[in-house]
Amino acid sequence: MKWQHPPRIVQMDITSQCNLACKHCRASVLDKTTADLTFQQVISLLDQIHAISPHAALAIAGGEPLMRPDLRDIFCYIKENHPGNHVELLTNATLITPENVDWLLETVRGFNVSMEGATPQIHDSVRGRGSFEKTVQALNLLVEKDATVAVRMTYFHQGEDEPEALMRFIDSIGIKIFNFRYLVPVGRASHKLVDADQYRRLCERIWDTGKELNMRVGFSDPFPEMFMNEVRHREIETDSDLMQGIAVTGCSIAFTLLYINPQGIVQLCPYFPIFVADATQENLENIWFENELLENFRHSRSALEGKCGTCKYKFACGGCRGAASAMGDFLGEDPRCWQRTEEILVAD
């Protein structure tokens, strides 16, 4: 049967250019030698996205989106022509200033700001000298303007105390949303080792700190919340469709996420940049609903191997296929999951 569900999230990496060179950046694999999409090409894609999914959230990322000189025109076009497609800006925030903050607030629903530590010493060691001060200035400005702001941290072996320290720091300046990603070994982080037990320790501490601070905590992978959040865990355990594979959730590739790179190439996801189709040459509707690779991916949960393949939660999670691919097999197990095989075996 033909796939009938539109994407709920569309991430557009709107430029390959960035004013920072972060040590862990997955976007370092973006093509900086080929021109970014033109304004008219971006508008064409936005029109197609709206036609497919008029209420999809638009996650605008990069590179650094504010490096595009026409970003204001793009955001104003969305607001005027596709108001149902709300914009979430993924940014390092160093380029947010009193001069541009007002038009950003008029066109952006939420700001997802990257920070890697609670001090200049930690943050700047990952993102570059002076970036901490600029980011905090922007955060204070956004909080003062009553913007919806989340801080997102990627754990890059900064030290296991650092996520909690960062949570307490952003709480002190009025930010109550914290999103956490444990590194996926791609891009500039491709040489970094991952430690599943460490990931578990970090998630437990983050979850407990979030409850203490009354802070909303989000995880980029499906399994941390499933194991940390007792309510979500019970929902999954009692959902017979998910447990039997009649329904699928978790990893969003080809199900709810459509990802487009700065040259208009549809890829599986930002952390699994496998070519799907060229959206400058083929209609997005045809790509989303008809593409053979996306269709095959929608049926791949039954073919997972290793620990993910035997896991009773594979239809509710699926692990990160980008992390598995970084280990050599996209159908293999996510090396960052801390569940032991005997705890997650599919019932005979």
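Treat the numbers as computed from the prediction; the structure is a model and nothing was measured.

**Student:** Mind showing me how you'd approach the pairing of strand β8 (residues 257-260) here?
**Tutor:** Looking along a regular strand, one sees side chains alternate from face to face of the sheet. Residues Leu257 and Tyr259 point to one face of β8 and Leu258 and Ile260 to the other, with burial holding for every one of them. Of the strand pairs in this sheet, strand β1 (residues 9-13) and β8 are connected by four bridges, and their pairing is parallel. Within β8, the residue paired with Gln11 across the bridge is Tyr259. Examined bridge by bridge, β8 and strand β9 (residues 265-269) share two bridges and lie antiparallel to one another. Paired with Ile260 across the bridge in β9 is Val266.

**Student:** Honestly, empty space enclosed by the protein in this entry has me stumped. Any pointers?
**Tutor:** To find leftover empty space, one rolls a probe the size of a water molecule over the atoms. Inspection of the entire model under this criterion finds two cavities of 30 Å³ or more. Roughly 100 Å³ of volume is contained in the largest cavity. Lining the largest cavity are 14 residues; nearest its centre among them are Cys308, Cys311, Cys317, Gly319 and Cys337. At the level of elements, α8 (222-228) and α13 (306-310) are the ones that each hand at least two residues to the lining of the largest cavity. Examining the composition of the lining of the largest cavity, we find that three residues originate from one element, α8, more than from any other. When grouped by side-chain class, the residues that make up the lining of the largest cavity number ten nonpolar, two polar and two charged. As a volume, the second largest cavity reaches approximately 50 Å³. Considering the residues around the second largest cavity, the lining is formed by Cys251, Ile253, Phe255, Phe297, Ser300, Arg301, Leu304 and Arg321.

**Student:** Sorry, what's going on with the packing of aromatic side chains here?
**Tutor:** The description of two aromatic rings rests on the distance between their centres and on the angle between their planes. Applying the stated criterion across every chain, the model contains 16 aromatic pairs. Between Phe132 and Phe169 the ring centres are 5.7 Å apart and the planes differ by 40°, which places this aromatic pair in the tilted class. Placement of Phe132 in helix α5 (residues 131-144) and of Phe169 in helix α6 (residues 162-172) is noted, with a sequence separation of 37 residues between them. What makes Phe132 buried here is its relative accessible area of 9%. On the numbers, 5.9 Å between centres and 20° between planes, the contact of Phe297 with Phe330 is stacked.

**Student:** I tried to follow the packing of helix α4 (residues 120-127) against α5 on my own but got confused; where do I start?
**Tutor:** For any two helices packed against each other, the geometry is given by the interaxial angle and the distance between the axes. Orientation of α4 relative to α5, taken along the N-to-C sense of each, is 105°, at an axis distance of 8 Å. What the angle tells us is that α4 and α5 run roughly perpendicular. Taking contact as the criterion, the partners of Pro120, His123, Asp124 and Arg127 in α4 are, on α5, Ser131, Phe132 and Thr135. Split by residue class, the contact of α4 with α5 holds two nonpolar, three polar and two charged.

**Student:** What is the right way to look at the nonpolar core in this model?
**Tutor:** Across soluble globular proteins, nonpolar side chains have a tendency to be buried as a group. Ranked by internal contacts, the top residues of the largest apolar core, which has 97 residues, are Phe75, Phe178, Phe180 and Leu284. Top element by residues in this core is helix α7 (residues 196-213). It accounts for seven residues. Setting aside its immediate chain neighbours within four residues, Phe180 contacts Met153, Tyr155, Pro163, Tyr199, Leu202, Ile206, Gly218, Phe219 and Ser220.

**Student:** I would appreciate a short explanation of the environment of Trp207 in the present structure.
**Tutor:** Within the secondary structure, Trp207 sits in helix α7. Distance in space between the C-alpha atoms of Trp207 and Cys320 is 20 Å, their sequence separation being 113 residues. Among residues more than four places away in sequence, those in contact with Trp207 are Val217, Phe219, Met228 and Asn229.

**Student:** Please clarify how the sheet that holds strand β6 (residues 177-182) should be interpreted in this entry.
**Tutor:** Reading across the sheet, the ten strands line up as β7-β6-β5-β4-β3-β2-β1-β8-β9-β10 and stay open at both edges, with mixed pairing between neighbours. Each of the sheet's edge strands pairs with one partner strand only, and the pair in question is β7 (216-219) and β10 (272-278). With strand direction ignored, the average angle separating the axes of adjacent strands in the sheet is 25°. α5 rests against β4 (110-114) and β5 (149-155) of the sheet, and its axis sits at about 160° to β4.

**Student:** Is there a simple way to think about the pattern of salt bridges in this case?
**Tutor:** Pairing of side chains with opposite charge becomes possible as their charged atoms draw close. Scanning the model with the defined rule gives 17 salt bridges in all. The partner of Arg168 in a salt bridge is Glu164, with the nearest N and O atoms 2.9 Å apart. Linking Arg168 with Glu164, this pair stays in helix α6, spanning four residues, or about one helical turn. Under the relative-accessibility criterion, Arg168 is labelled partly exposed at 32%. When its relative accessible area of 18% is taken as the criterion, Glu164 is described as buried. Residue Glu235 is joined to Arg232 by a salt bridge in which the shortest nitrogen-to-oxygen separation is 3.3 Å. With Glu235 and Arg232 both in helix α9 (residues 230-237) and three residues apart, this pair spans about one turn of that helix. One salt-bridge network, held together by shared partners, links Asp161, Glu164, Arg168, Arg205 and Glu212.

Conventions adopted
Residues numbered from 1 in each chain as written. Predicted model: local features only at pLDDT ≥ 70, side-chain atom pairs only at ≥ 80, totals over all residues. Heavy atoms only, no water. Buried < 20%, exposed > 50% of the residue type's maximum accessible area, 1.4 Å probe, protein only. Helix = DSSP H or I, 4+ residues; strand = E, 2+ residues; numbered from the N terminus. Pairing = 2+ DSSP bridges. 1 Å grid on protein atoms, 1.4 Å probe; cavity = no way out; pocket = protein on both sides within 12 Å on 5 of 7 lines; lining within 4 Å. Points joined across faces, edges and corners; volume = space filled by probe spheres on them. Nonpolar A, V, L, I, M, F, W, Y, C, P; charged D, E, K, R; others polar. Phe/Tyr/Trp six-rings, centres within 6.5 Å; stacked < 30°, edge-to-face > 60°. Axes fitted to C-alpha atoms, helices over the stretch in contact; angles between N-to-C directions. Parallel < 35°, antiparallel > 145°, perpendicular 65-115°, else oblique. Contact = heavy atoms within 4.5 Å. Core = buried A, V, L, I, M, F, W, Y, C linked by side-chain atoms within 4.5 Å. Salt bridge = Lys/Arg side-chain N within 4 Å of Asp/Glu carboxyl O.

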